[in-house]
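Residues per chain, in single letters:
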Amino acid sequence: DVAKKFICNFIMNNYKVDIENDDLKNYKSILQEYCQSKYQKPPDYETISEEGPEHLKKFRVIVLINKVKHQTGVGRTKKAAQQEAAKNTLKKLKLI
């Protein structure tokens, strides 16, 4: 259909080139754009563990795409753990 051709020709065509640009550091946004274009829905992030005292928490998060578990990430905040999980997923998918 027309929408699919447009996405393939104009969005996905330069997707790898765009994400290889060093200026792009928000891996969650990159993964979200990829998932939106490929699956029409964003990825989900599930916190699988929280360790340590309140002032030194360590979060472990996993990325789910269409309810399929992908890579994990660890960080001092949930947001940092999500960024790392998104980055690891993008690497596994060979998108970065």
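Note that this is a predicted model, so its numbers are computed, not measured. (Residues numbered from 1 in each chain as written. Predicted model: local features only at pLDDT ≥ 70, side-chain atom pairs only at ≥ 80, totals over all residues. Heavy atoms only, no water.)

Positive phi outside glycine occurs at Gln40, with the angle close to 65°. Structurally, the position occupied by Gln40 is in the loop between helix H3 (27-39) and strand S1 (44-51). Despite not being glycine, Lys67 shows a phi value in the positive range, around 70°. The class of Lys67 is exposed, set by a relative accessible area of 72%. (Helix = DSSP H or I, 4+ residues; strand = E, 2+ residues; numbered from the N terminus. Buried < 20%, exposed > 50% of the residue type's maximum accessible area, 1.4 Å probe, protein only.)

What follows is about the packing of H3 against helix H4 (residues 78-92). Two packed helices can be described by the angle between their axes and the distance between those axes. H4 packs onto H3 with a crossing angle of 50° between their chain directions and a minimal axis gap of 8 Å. Taken as axis vectors, H3 and H4 run oblique relative to one another. Handedness of the H3/H4 crossing: left-handed. Counting all contacts with H3, which are made through Tyr27, Lys28, Ile30 and Leu31, the residues of H4 involved are Gln82, Gln83, Ala86, Lys87, Thr89 and Leu90. Partitioned by chemical class, the residues of the contact of H3 with H4 number 5 nonpolar, 3 polar and 2 charged. (Axes fitted to C-alpha atoms, helices over the stretch in contact; angles between N-to-C directions. Parallel < 35°, antiparallel > 145°, perpendicular 65-115°, else oblique. Left-handed = near helix turned anticlockwise from the far one by under 90°. Contact = heavy atoms within 4.5 Å. Nonpolar A, V, L, I, M, F, W, Y, C, P; charged D, E, K, R; others polar.)

All right, on to the packing of aromatic side chains then. The tally for this structure, following the rule as stated, stands at 1 aromatic pair. One Lys or Arg, Lys28, reaches over the ring of Tyr45 and ends 5.2 Å from the middle of that ring. (Phe/Tyr/Trp six-rings, centres within 6.5 Å; stacked < 30°, edge-to-face > 60°. Lys NZ or Arg CZ within 6 Å of the ring centre and 35° of its normal.)

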